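# What the coordinates show
Spelled out from the first residue to the last, the chains are:
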Amino acid sequence: MLPFERQNQILKWLMEDRTLSVAEISNRLNVSEMTVYRDIKPLIEENKINKTSGGISLVTHATVSPHSCTYCLKELNNRHPMQIITLQQTVEKFCCPHCGLLRYKDIEKNVSQIICRDFLQHTTISAKLAYYLFDADFNLNCCKPQVLTFDSLKYGEQFQKGFGGTILRFDQALDEVTKRMTGDLGCGCHK
């Protein structure tokens, strides 16, 4: 089966099953999981499917509430949201930086802007210029690993002194959240 035939089959299955895991697709198509990842990458880039914590799902913009996270569908958290503005001028809203970073990684080439809110000052900042605090001992009951954003290193370090954790820059935070999602630690997002 050619890649476009596998992609069409994956889309047909998603219309029936709504979500599929990479392992399940691999078994159904009798191909490696790496082949599945190569097959779904263009579908993600074309905004036909979403990468989820458990695999993939069809993009259904009409069914996503304007008050829900585009990535995990949880209610939006006004304390530390993130937004992506695409090259097509669509706006995707996320409950937290965790989900925003994961989605950015999926559609990076189609992103015009990515913005977030400083956790302490509640000011809007460029996510690419922000400082990201992972693993702070401060539970917001959101997606894991929990990620907090700060406009300045100074404020991030002050928060870190009280609550611990590790401060990373944008590219490092992207790598860290991706590494954790593909490892044994899992996410905490639930679809």
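The notes below deal with the structure included here. (Residues numbered from 1 in each chain as written. Predicted model: local features only at pLDDT ≥ 70, side-chain atom pairs only at ≥ 80, totals over all residues. Heavy atoms only, no water.)

## A short note on the overall build of the chain
Which entries qualify depends on this criterion: Here a strand is any run of E in DSSP of at least two residues, a helix any run of H or I of at least four, and the numbering for each starts at the N terminus. Each residue is assigned to one of three classes by its accessible area relative to the maximum for its type, calculated with a 1.4 Å probe on protein chains only: buried under 20%, partly exposed between the two thresholds, exposed over 50%. Per-residue and other accessible areas were derived by the Shrake-Rupley procedure at a 1.4 Å probe size, with only the shown protein chains allowed to occlude residues.
When you go through the chain residue by residue, the secondary structure sums to six helices and ten strands. Buried residues in the chain amount to 46% of all 191 residues. As presented, the chain carries roughly 10200 Å² of accessible surface, and 49% of it is formed by carbon and sulfur atoms.

## Focus on the state of the cysteines
Linking two cysteines covalently via their sulfur atoms produces the bond known as a disulfide. Rules: Disulfides are defined as cysteine sulfur pairs within 2.5 Å.
A full pass over the atoms with the stated rule returns zero disulfides. Cysteine Cys95 shares no disulfide, and the gap to the nearest cysteine sulfur, in Cys142, comes to 3.6 Å. Residue Cys142 is classed as buried on the basis of its relative accessible area, which comes to 10%.

## Digging into the pairing of strand β4 (residues 82-86)
Rules: In this description, strands pair whenever DSSP reports at least two bridges between them.
In terms of burial, β4 is largely enclosed, as four of its five residues are buried. Relative to strand β5 (residues 91-94), β4 is paired through four bridges, and the arrangement is antiparallel. Note that in β5 the partner of Met82 across the bridge is Phe94. Adjacent in sequence and paired antiparallel, β4 and β5 are bridged by four residues, among which Gln89 carries a positive phi angle near 70°.

## Notes on the packing of aromatic side chains
Just so we agree on the cut-off: Centre distance within 6.5 Å is the pairing criterion for rings of Phe, Tyr and Trp, where only the six-membered ring of Trp is used; planes under 30 degrees apart are then read as stacked, over 60 as edge-to-face, and the remainder as tilted.
This structure, assessed with the given rule, holds nine aromatic pairs. Pairing Tyr132 with Phe170 gives two aromatic rings, centres 6.2 Å apart and planes at 50°, and the pair type is tilted. Linking Tyr132 in strand β8 (residues 131-134) with Phe170 in helix α6 (residues 170-182), this pair joins segments that are 38 residues apart in sequence. Like Phe170, Tyr132 is buried.

## Concerning unusual backbone geometry
Cis peptide bonds are those with omega within 30 degrees of zero, and the linkage from Lys144 to Pro145 qualifies with 0°. Following the sequence through the fold, Pro145 ends up in the loop between β8 and β9 (147-150). With a phi angle near 55°, Asn141 is a residue other than glycine that sits in the positive phi range. Following the sequence through the fold, Asn141 ends up in the loop between β8 and β9.

## Comments concerning the environment of Gln88
Relative to the helices and strands, Gln88 resides in the loop between β4 and β5. The exposed category is assigned to Gln88, whose relative accessible area is 54%. Sequence separation between Gln88 and Asn110 is 22 residues, and the spatial gap between their C-alpha atoms is 7.9 Å.

## Observations regarding the sheet that holds strand β3 (residues 55-58)
The sheet built from three strands is open, its strands ordered β1-β3-β2 with antiparallel pairing. Edge positions in the sheet fall to β1 (19-20) and β2 (49-52), since each of these pairs with one other strand and no more. The sheet contact formed by β1 and β3 spans two bridges and is antiparallel. Looking across to β3, one finds that Thr19 is bridged to Ser57.

## Some details on the sheet that holds β9
Condition: Axis angles are defined between N-to-C directions and span 0 to 180 degrees, where every axis is a line fitted to C-alpha atoms and, for a helix, only to the segment in contact.
With antiparallel pairing, the three strands of this open sheet are ordered in space as β9-β8-β10. What marks the edges here is a single partner per strand, and that holds for β9 and β10 (166-168). Going across the sheet, the axis of each strand differs from the next one's by a mean of 30°, ignoring polarity. Looking at chain direction, β8 and β10 are connected through three bridges and run antiparallel.

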